[in-house]
Amino acid sequence: MTILDGYEMVVGLEVHTELKTVTKLFCGCANAFGSAPNTNVCPVCLGLPGSLPVLNRGAVELAMAIGTALGCSILPSSFHRKNYFYPDMPKDYQISQYDEPINVGGTLELPDGSTVRIERAHLEEDTGKTTHVGASGRIHGAERSLVDYNRAGVPLVEIVSAPDITSAAQARAYAAELRSILVATGASDGRMEEGSMRVDANVSVRRVGDATLGTRCEIKNLNSLRSLQRAVDHEAERQSELVAAGGRVVQETRHWDEVAGTTVTMRSKEEAYDYRYFPEPDLLPLVPEDPWRDRVAAELPALPAARRTTLLALLGEPTPSQRDQVLSVVELGIDAMVTSAVSSGVDPARALSRVANEVAALNGAETLGVDDVVTVLSMEQAGELSATHAKAVLADLVEHGGDPRELAKRRGFEQLDASSLDATIDEVVASFPDEWTRYCQGDDKLAQFFVGHVMKQTKGQADGKAVIAGLASRRSR
Amino acid sequence: MTTAIELADSVRRGETTATTLTEGSLAAIAAGNGALNAFLHVDVDGALSAAARVDRAVANGEDPGPLAGVPIALKDNLCTRGVPTTAASRILEGWRPPYTATVVDRLLGAGAIPVGKTNLDEFAMGSSTENSAFGPTRNPHDHARVPGGSSGGSAAAVASGMVPIGLGSDTGGSIRQPAALCGVVGVKPTYGMVSRYGLIAFASSLDQIGPLTRSVADAAVCLEVIAGHDPRDSTSLQEPAPSLVASLHDGVEGRTVALVRELLDGAAPDVEAAVNASAAVLRDAGATVIEISIPELRLGLSAYYLIAPAEASSNLARYDGVRYGLRVDADDLTMMNVATRTKGFGDEVKRRIMLGTYALSAGYYDAYYGRAQRVRTLLSRAFAGAYGRADLLVGATAPTTAFELGAKTTDPMAMYLSDVYTIPSNLSGDPAITVPFGSGADGLPLGVQLLGPARSERLVFAAAQVLEEGAPR
Ligand SMILES: [Zn+2]
């Protein structure tokens, strides 16, 4: 499933991200996911007659942080009304930024070194959510529709890329990197599945070497990075086959069907709305004064690219698989565990491997406290915990929380100190003189035999590697 | 008739009670409203309990505020918690807002007693109060005539003595024109001086709330109470209410007042004569009177009838039958929207929604809405130029005295011309006041309009006070 030979794809992405503010964009209602329907509402976000919007400066700061992180110019901006009728939009218009967005121009550099230009990143309000009750689950044929306005007025930033993306894998990498940046700035939790980050893809194809762009289609309903990559690939294939067969691509909005693995028509250009944008008279122009802009820039935390550079530097000469691990821990936002562990004396390769493999595999890894992970890795480094036990303690931390040393003690994982381990090895060696002789004569397979007995005696608290080392040193004496 | 200031003073001194005044107002409404239809809803219980609170405060030695016990009429596009608020439209019939407009909260805080909600042209779109879904209001001076509009209900309520103060909203003259036609004072403050929070929007960049009263002093007291920054309205000025009462008698000595030709063009001879007489009063009080022309004002009406409908088409989109007010059931969502809006809105509202939708449409925006905004800028600049030569401007409020019911209902353009002198102030955002100034040839009241630059309310009110004192009796 991919584009035909002789064709290339041109892709631009529009990413909507909900901002993690305490309150909504234009009122004091809580910006919270998962509340009972229509509990986080007031006259303003319900658009009741006579109500007026007041801009939330916290949302503006997060938008400025996003713009700064993407290298955009942060400019004086204004709000417009985007008019169209829809029941989950209380005022039947959306307050959005139109010809004067807050963030303009910018660049996103991907881990592979390629760059994608950012056209704009503007502020707007989210809509409510409609549930159609009835056989089809779609608006047509529904028995009734229920609207929840908790999400209405939640702040969004829409980040529009230039059509610089040339493959489905690059589209995925762009969305992944952008997500890491949004999470790093604290602007968003970046959860595509919950809809807090939503990606639409504009896809067109052309013959390799053609200067003009082909007709594009906008693909919606991309609920994961995987869907994005599959959908772009599929759409490029569909369009290239269509063009190769002498057909013409029709400009339209298409819906990605995850199960069928295809895109289907949602609405054509002829059905497109005339939004009748005009300046929002209820809001003043937004002027980000220099000190404000400077403070936001100064408070910006380290971004993913810089964090990858830091990790790679710690490793010295990283292997290809370590490079992949660096990518993945930064993408998951758990790289601080590695750098902190290293500065506490843990070996960089071990720290990276533990975090990229064991920690990353845990469900809820990002909820682990960095200090707790560092404690566990340091205990392992010091030989106080075996690898197996370190993993078990990490899993306990995710599940129950608490102090890692306490958790280790409760599980009975307190590692044997060196002298009692030595005593146990001596005891086991003495109990099996024949096997010991054969081992000393070079039958290395017997090492596991002795390890097994030591483990049995210590109820699993011994470190296997330490036992083997102890056996080897006795043999060489 | 007693002024609001005198009434409040007697309540504060214990010479009368808020309950007595409120009962008097309610009785006057009960007696007169059948003929006038000034009130759409009378809130007897709410008024009496507010009055009881004021009386308790007086009994406890507290000061209930500068409007203690003064009955007030609210135009029915101001939201009042739990009290029906319709904007005179079927589409909001029965709706009870869950919140109260900032201006009403401030009036209550000053001891005023809101007695009810007054009639208006539907969504404040009109100049005669005939566009109300609940029947027209009649002019107290002649029941065969209109009270003007859109704040016709508040104007009639004040003029007939039902209440000493009414609140209105002015988008293109909707306070000043009915005030003139009913013979009362009407103020359109500087845009942003009074919070719009809780005012059902018609055209957000033009709407401004203001008082209708029987004296300039009462208007000053009321405006002091309702003005001042409100954090819930982003367009509200970042400054406290001006002190108007203290400078009310400052006079106009040494001021320059310009008689504006365009604010008299097309006025009836009796109106023109009144404006000239008012200029003489100002001259006698020590002002220099000059005559000027501001040709750009002629463009105001056209620009207004693009900008106001454009904003209205968006502001009125929310009346879709989904959340509140009228819903006419239909087979699907779109048809429900269409059926609800078809039945819920009157002709004039539909006309303006269509005008505005057209003006904002792709391909027409620049030619209509964009151009109207450029005219608006031009007009504001022209006003600023005039204020380089004069401190205040004077002109007519309306071209004629009150016209007969039905006289202009079939000719929207003739109706729109009723606001030709008032619209420019809304476009520029500057303050203006109309003061009763004698009668027309038909014996009906006439108003003269004073205009000033933004935030010049103190000067405008001082000049209005001079006119009031010098008006023919
Ligand atoms: Zn809210």
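If you're wondering where the values come from, they're calculated on a predicted model, not measured in any experiment.

1. With respect to the overall build of chain A
Next up, step 1: Helix and strand content of chain A: 15 helices and 15 strands.
Next up, step 2: Projected onto its principal axes, the C-alpha coordinates of chain A cover approximately 90 × 55 × 50 Å.
Next up, step 3: For chain A, with 477 residues in total, the buried portion stands at 42%.
Next up, step 4: Put simply, of all contacts in chain A between residues at least 6 apart along the chain, 70% involve residues at least 24 apart.

2. Remarks on the overall build of chain B
Next up, step 1: Secondary structure assignment for chain B yields 15 helices and 11 strands.
Next up, step 2: Relative to its length of 473 residues, chain B is compact, with a C-alpha radius of gyration of 21 Å against a globular reference of 23 Å.
Next up, step 3: The principal-axis extent of the C-alpha atoms belonging to chain B is close to 70 × 55 × 45 Å.
Next up, step 4: In chain B, which comprises 473 residues, the proportion classed as buried is 63%.
Next up, step 5: The long-range fraction of contacts in chain B, counting pairs at least 24 apart against all pairs at least 6 apart in sequence, stands at 75%.

3. Quick word on the interface of chain B and chain A
Think of interface size as the accessible area that goes away when the parts come together; that is how it is often given.
Next up, step 1: The interface of chain B with chain A comprises 33 residues on the first partner and 26 residues on the second.
Next up, step 2: Of all the secondary-structure elements, those providing two or more residues to the side of chain B that touches chain A are helix 9 (300-315), helix 10 (333-344) and helix 11 (347-360) of chain B.
Next up, step 3: The greatest single-element share of the side of chain B that touches chain A, amounting to 3 residues, is contributed by helix 9 of chain B.
Next up, step 4: A class-by-class count of the residues in the side of chain B that touches chain A yields 17 nonpolar, 9 polar and 7 charged.

4. Points about the packing of helix 9 (residues 370-381) of chain A against helix 10 (residues 387-400) of chain A
Residue and element names in this part refer to chain A.
Next up, step 1: It is the contact of helix 9 with helix 10, at a shortest axis distance of 9 Å, that shows an interaxial angle of 165°. On the basis of their axis angle, the class for helix 9 and helix 10 is roughly antiparallel. Helix-helix and strand crossings are classified by hand; for helix 9 and helix 10 the assignment is right-handed. In contact with Asp-372, Val-373, Val-376, Met-379 and Glu-380 of helix 9, helix 10 contributes Ala-387, Ala-390, Val-393, Leu-394 and Leu-397.
Next up, step 2: For the contact of helix 9 with helix 10, the per-class residue count stands at 8 nonpolar, no polar and 2 charged.

5. Examining helix 15 (residues 457-470) of chain B
All names here are of chain B.
Next up, step 1: End to end, helix 15 covers 20 Å across 14 residues, agreeing with the expected 20 Å (1.5 Å per residue, within 8%).
Next up, step 2: Every buried residue belonging to helix 15 is among Glu-457, Val-460, Phe-461, Ala-462, Ala-463, Ala-464, Gln-465, Val-466 and Leu-467, and all of these are buried.
Next up, step 3: Among the structural elements, helix 7 (216-226), helix 8 (269-284), strand 9 (392-396), strand 10 (432-439) and strand 11 (445-451) are those in contact with the buried residues of helix 15.

6. A closer look at the nonpolar core
Next up, step 1: Among the nonpolar cores identified, the biggest contains 227 residues, and A:Ala201, B:Val70 and B:Ile72 are the most heavily contacted of them.
Next up, step 2: For this core, the element with the most residues is helix 2 (residues 168-184) of chain A, which contributes 11 residues.
Next up, step 3: Leaving out residues up to four positions away in the same chain, B:Val70 has contacts with B:Ala4, B:Leu7, B:Ala8, B:Leu21, B:Ala112, B:Ile113, B:Pro164 and B:Ile165.
Next up, step 4: If you look at the next biggest cluster of nonpolar residues, it comprises 31 residues, including A:Met337, A:Val342, A:Val359 and A:Met379.

7. Some words on the sheet that holds strand 2 (residues 71-75) of chain B
Residues and elements named next belong to chain B.
Next up, step 1: Taken in spatial order, the 11 strands make up an open sheet running 1-3-2-4-6-5-10-11-9-7-8, and their pairing is mixed. Two strands lie at the open edges of the sheet, namely strand 1 (39-42) and strand 8 (288-292), each paired on one side alone. Each adjacent strand pair in this sheet contributes to an overall mean axis angle of 30°, direction not counted.

8. As for the pairing of strand 12 (residues 217-222) of chain A
Residues and elements named next belong to chain A.
Next up, step 1: Pairing between strand 11 (residues 197-207) and strand 12: 4 bridges, direction antiparallel. Within strand 12, the residue paired with Val-203 across the bridge is Cys-217.
Next up, step 2: Inspection of the sheet shows strand 12 paired to strand 13 (residues 252-257) by 4 bridges, in the parallel sense. Paired with Cys-217 across the two strands is Glu-252, which belongs to strand 13.
Next up, step 3: You can see the chain leave strand 12, run along helix 3 (residues 225-244) and come back into strand 13, and the turn it takes is left-handed.

9. Observations concerning helix 15 (residues 464-476) of chain A
Next up, step 1: Its 13 residues place the ends of helix 15 of chain A 19 Å apart at the C-alpha level, agreeing with the 18 Å of an ideal helix rising 1.5 Å per residue.
Next up, step 2: Where helix 15 of chain A is buried, its residues touch helix 12 (418-431) and helix 14 (446-457) of chain A.

10. Description of the confidence of the model for chain B
Next up, step 1: When the pLDDT values of chain B are averaged, the result is 97; 100% of them are 70 or greater.
Next up, step 2: Among the scores for the predicted complex, ipTM is 0.96 and pTM is 0.90.

11. Details of the environment of A:Val398
All names here are of chain A.
Next up, step 1: With respect to the secondary-structure elements, Val-398 resides in helix 10.
Next up, step 2: Sequence spacing of Val-398 and Tyr-275 is 123 residues, and the spatial spacing of their C-alpha atoms is 48 Å.
Next up, step 3: Once residues within four sequence positions are removed from consideration, Val-398 is found in contact with Leu-362, Asn-363, Gly-364, Ala-365, Thr-367 and Leu-368.

12. What to know about the domain arrangement of chain B
Residues and elements named next belong to chain B.
Next up, step 1: The assigned domain composition of chain B is domain 1 (4-226), domain 2 (256-297 + 380-470) and domain 3 (302-367).
Next up, step 2: Domain 1 and domain 3 are separated by 28 Å when their C-alpha centres are compared.
Next up, step 3: Every contact between the two is made by 20 residues of domain 1 and, on the other side, 18 residues of domain 3.
Next up, step 4: Tallied by class, the residues present in the side of domain 1 that touches domain 3 amount to 10 nonpolar, 7 polar and 3 charged.

13. A short note on the environment of B:Ile307
Residues and elements named next belong to chain B.
Next up, step 1: Along the polypeptide, Ile-307 turns up in helix 9.
Next up, step 2: Judged by the 26 C-beta atoms lying within 10 Å of it, Ile-307 is buried.
Next up, step 3: If sequence neighbours within four positions are ignored, Ile-307 has contacts with Ala-203, Ala-372, Gln-373 and Arg-376.

14. Observations concerning the packing of helix 5 (residues 304-315) of chain A against helix 6 (residues 320-331) of chain A
The description of two helices packed together rests on the angle between their axes and the distance between the axes.
Residue and element names in this part refer to chain A.
Next up, step 1: Close contact between helix 5 and helix 6 brings their axes to 10 Å; oriented N to C, the two are set at 145°. Like other packed secondary-structure pairs, helix 5 and helix 6 cross with a definite hand, here right-handed. Along the contact surface, helix 5 presents Pro-304, Arg-307, Arg-308, Leu-311, Leu-312 and Leu-315, while helix 6 presents Gln-322, Val-326, Leu-327 and Val-330.

15. With respect to the environment of A:Val329
Residue and element names in this part refer to chain A.
Next up, step 1: Positionally, Val-329 belongs in helix 6.
Next up, step 2: Considered as a pair, Val-329 and Pro-304 are 25 residues apart in the sequence and their alpha carbons are 10.0 Å apart.
Next up, step 3: Filtering out sequence-adjacent residues up to four positions away, Val-329 remains in contact with Ile-334, Asp-335, Val-338, Val-355, Ala-356 and Ala-360.

16. Notes on unusual backbone geometry
All names here are of chain B.
Next up, step 1: A cis geometry characterises the amide bond from Gly-149 onward to Ser-150, with omega recorded as 10°.
Next up, step 2: At Asn-37, a residue that is not glycine, the phi angle is positive and equals roughly 55°.
Next up, step 3: One can find Asn-37 in the loop between helix 2 (18-36) and strand 1.
Next up, step 4: Look at Asn-37 and you get buried, because 21 C-beta atoms sit within 10 Å.

How each quantity is defined
- Residues numbered from 1 in each chain as written.
- Chains lettered and ligands numbered in written order.
- Predicted model: local features only at pLDDT ≥ 70, side-chain atom pairs only at ≥ 80, totals over all residues.
- Helix = DSSP H or I, 4+ residues; strand = E, 2+ residues; numbered from the N terminus.
- Buried ≥ 20, exposed ≤ 12 C-beta atoms within 10 Å, placed from the backbone.
- Contact = placed C-beta atoms within 7 Å.
- Rg over C-alpha atoms; globule rule 2.2 N^0.38 Å.
- Nonpolar A, V, L, I, M, F, W, Y, C, P; charged D, E, K, R; others polar.
- Axes fitted to C-alpha atoms, helices over the stretch in contact; angles between N-to-C directions.
- Parallel < 35°, antiparallel > 145°, perpendicular 65-115°, else oblique.
- Left-handed = near helix turned anticlockwise from the far one by under 90°.
- Expected span 1.5 Å × (residues − 1).
- Core = buried A, V, L, I, M, F, W, Y, C linked by C-beta atoms within 7 Å.
- Pairing = 2+ DSSP bridges.
- Right-handed = clockwise from strand over helix to strand, strands pointing away.
- pLDDT = per-residue confidence, 0-100.
- Domains from an automatic or database assignment.

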